[in-house]
Amino acid sequence: MPDQQKVVTIERHIIEGERAHPGATGHFSGLLRDLTLAFKVIWREVSKAGLVDILGAAGQTNVSGDDVKKLDVYADEVIYKAMDHGGHLCVMASEENEDVLHIPDQYPTGRYALLYDPLDGSSNIDANVNIGTIFSIYRRISPSGKGRLEDCLQSGYKQVAAGYVIYGSSTMLVYTTGDGVHGFTLDPSIGEFLLSHEDIRIPKRGKIYSANEGNFHRWDENLKKYVQYLHEEDKNTNRPYSQRYIGSMVADVHRTLLYGGIFMYPADKKNPEGKLRLMYECNPMAFIIEQAGGRASNGKQRILDIQPSTLHQHTPLFIGSEEDVALAEEFIQGKR
Ligand code: AHG
Ligand code: MN
Ligand code: MN
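Just so it is clear, the structure is predicted and the values come from calculations on it, not from any experiment. (Residues numbered from 1 in each chain as written. Chains lettered and ligands numbered in written order. Predicted model: local features only at pLDDT ≥ 70, side-chain atom pairs only at ≥ 80, totals over all residues. Heavy atoms only, no water.)

Draft legend 1. Up close: the side chain of D117. Counting through the fold element by element, D117 comes out in strand 3 (residues 112-120). R277 provides the closest opposite charge to the buried, salt-bridge-free D117, at an N-O distance of 7.8 Å. Residues contacting D117, with those up to four places away along its chain left out, are E95, G132, T133, I134, Y280 and E281. (Helix = DSSP H or I, 4+ residues; strand = E, 2+ residues; numbered from the N terminus. Buried < 20%, exposed > 50% of the residue type's maximum accessible area, 1.4 Å probe, protein only. Lys, Arg positive; Asp, Glu negative; His and termini not counted. Salt bridge = Lys/Arg side-chain N within 4 Å of Asp/Glu carboxyl O. Contact = heavy atoms within 4.5 Å.)

Rendered as structure tokens:
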């Protein structure tokens with residue numbers, strides 16, 4: 001059969017990837033398979049979000065008399081329940097929960113830790129704008145039994161896998177296990193994620209910048225200079241850059257991955273450590289963008305090298321094309 005007719009489901013991709021690594025036990029493919037089921041359940045609910053007026057809004061009861069949950073709380077529970085019993089994980093952590101989430105006593109524990117942002121860009125839900133889910137996976141470092149906080153609090157360079165799902169005009173899953181970045185598009189008619197973007201590479205330089213520029217007057221002078229530089233006209237360096245900002249990190253980073261350029265959420269006077277979270281927003285995106293040939297930094301240090309101290313800590317983020325992020329770092333460090 002000619003090769004272009006080969007249909008690669010995410011499951012096949014994961015299993016074939018694992019086969020290529022001698023010593024693989026299949027645990028990892030089982031884990032990712034369980035996760036994709038959770039994503040499909042979330043997608044089903046997200047695609048009904050416009051029906052809240054008919055079915056009932058969060059905090060009310062729907063026509064069947066069930067309580068309707070906020071979508072991010074719903075997504076949080078879907079992922080936890082899809083992942084609590086497979087025997088692959090020793091512990092989880094999510095944006096929606098202050099402390100780590102333990103595996104219930106009646107289920108076996110496994111060798112990985114999962115961190116996730118169940119619904120990213122949740123302020124965009126009611127406007128039918130793209131939202132997403134982000135995940136990050138580490139190998140456990142505690143010896144056995146129930147996992148602990150230390151299994152979650154590892155530097156980003158130790159991630160064994162990371163990915164996101166973007167619920168958009170089509171729904172895509174993008175992930176890496178340290179062997180390039182691969183994108184799958186959900187075919188809703190068969191309920192499968194099919195390989196559509198193999199080995200994604202981010203352009204070395206782009207012509208789009210993405211930031212909430214409403215915060216301009218809260219930024220420090222070096223950062224203002226950088227953004228003003230992007231505004232200036234200069235044919236040789238393709239300036240001015242275009243500005244795009246969705247306000248869903250998943251969607252803004254996804255566009256940056258495909259088109260190049262830079263996405264940033266800097267520190268400002270109101271958020272001195274930035275707004276985005278290191279463990280389940282910045283680290284997984286940094287792993288993906290680096291795997292695609294890009295760069296991710298807090299302005300001074302590589303995101304993946306940051307030693308975390310708390311589960312929900314914030315970090316400034318500059319992420320995207322290698323040359324764009326390197327230039328932003330030069331400005332921020334006062335070298336330009
Ligand atoms: P979440 O919906 O998970 O809380 O994340 C929202 C984040 C992120 O998606 C986005 O980049 C950022 O908030 C937008 O912040 P501003 O509204 O301050 O621009
Ligand atoms: Mn988020
Ligand atoms: Mn969220």
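Draft legend 2. Inspection of the coordination of the manganese ion (ligand 3) at higher detail. Binding of the manganese ion (ligand 3) to the protein goes through E95 (OE), D117 (OD) and L119 (O), at separations of 2.0 to 2.3 Å. Here the donor residues of the manganese ion (ligand 3) share one chain and are spaced in sequence as E-x21-D-x1-L. A separation of 3.7 Å is found between the manganese ion (ligand 3) and the manganese ion (ligand 2), both of which receive a donor from D117. Of this pair, E95 sits in the loop between strand 1 (89-94) and strand 2 (101-102) while L119 is found in strand 3, placing the two residues 24 residues apart along the sequence. Residue classification places E95 among the partly exposed positions, given a relative accessible area of 27%. (Donors = N, O, S within 2.8 Å, 3.2 Å for Na, K, Ca; no water.)

Draft legend 3. Seen up close, the packing of aromatic side chains. Taken as a whole and assessed by the stated rule, the structure comprises 7 aromatic pairs. When the centroid spacing of 5.5 Å and the interplanar angle of 50° are considered together, the rings of Y226 and F331 count as tilted. Remark: F331 occurs in helix 9 (residues 322-332) and Y226 occurs in helix 6 (residues 221-231); sequence separation between them is 105 residues. Each member of the pair, Y226 together with F331, is buried. Aromatic rings pair up to connect Y226, Y229 and F331 into one cluster. Lying over the aromatic face of Y229, R239 brings its terminal NZ or CZ to 3.6 Å of the ring centre. (Phe/Tyr/Trp six-rings, centres within 6.5 Å; stacked < 30°, edge-to-face > 60°. Lys NZ or Arg CZ within 6 Å of the ring centre and 35° of its normal.)

Draft legend 4. Fine view of the coordination of the manganese ion (ligand 2). Around the manganese ion (ligand 2), the donor atoms from the protein are D117 (OD), D120 (OD) and E281 (OE), and they sit 1.8 to 2.1 Å away. Taken in sequence order, the residues that donate to the manganese ion (ligand 2) follow the motif D-x2-D-x160-E.

Draft legend 5. Spotlight on the sheet that holds strand 10 (residues 242-243). On the basis of which strands lie adjacent, the open sheet formed by 5 strands has the order 10-9-11-13-12 and mixed pairing. One side of each edge strand has no neighbouring strand; the edge strands of this open sheet are strand 10 and strand 12 (295-297). Where strand 12 lies against strand 13 (residues 317-320), 3 bridges are found, and the strand directions are antiparallel. For R295, the partnering residue across the bridge sits in strand 13 and is G320. In this fold helix 7 (residues 249-259) packs onto strand 9 (208-210), strand 11 (262-265) and strand 13, with an angle of close to 155° to the strand it touches most, strand 11. (Pairing = 2+ DSSP bridges. Axes fitted to C-alpha atoms, helices over the stretch in contact; angles between N-to-C directions.)

Draft legend 6. Structural detail: the environment of I42. Looking at the secondary structure, you find I42 in helix 2 (residues 27-46). Since its relative accessible area comes to 1%, I42 is described here as buried. Spatially, the C-alpha atoms of I42 and T133 are 9.0 Å apart, while their sequence positions differ by 91 residues.

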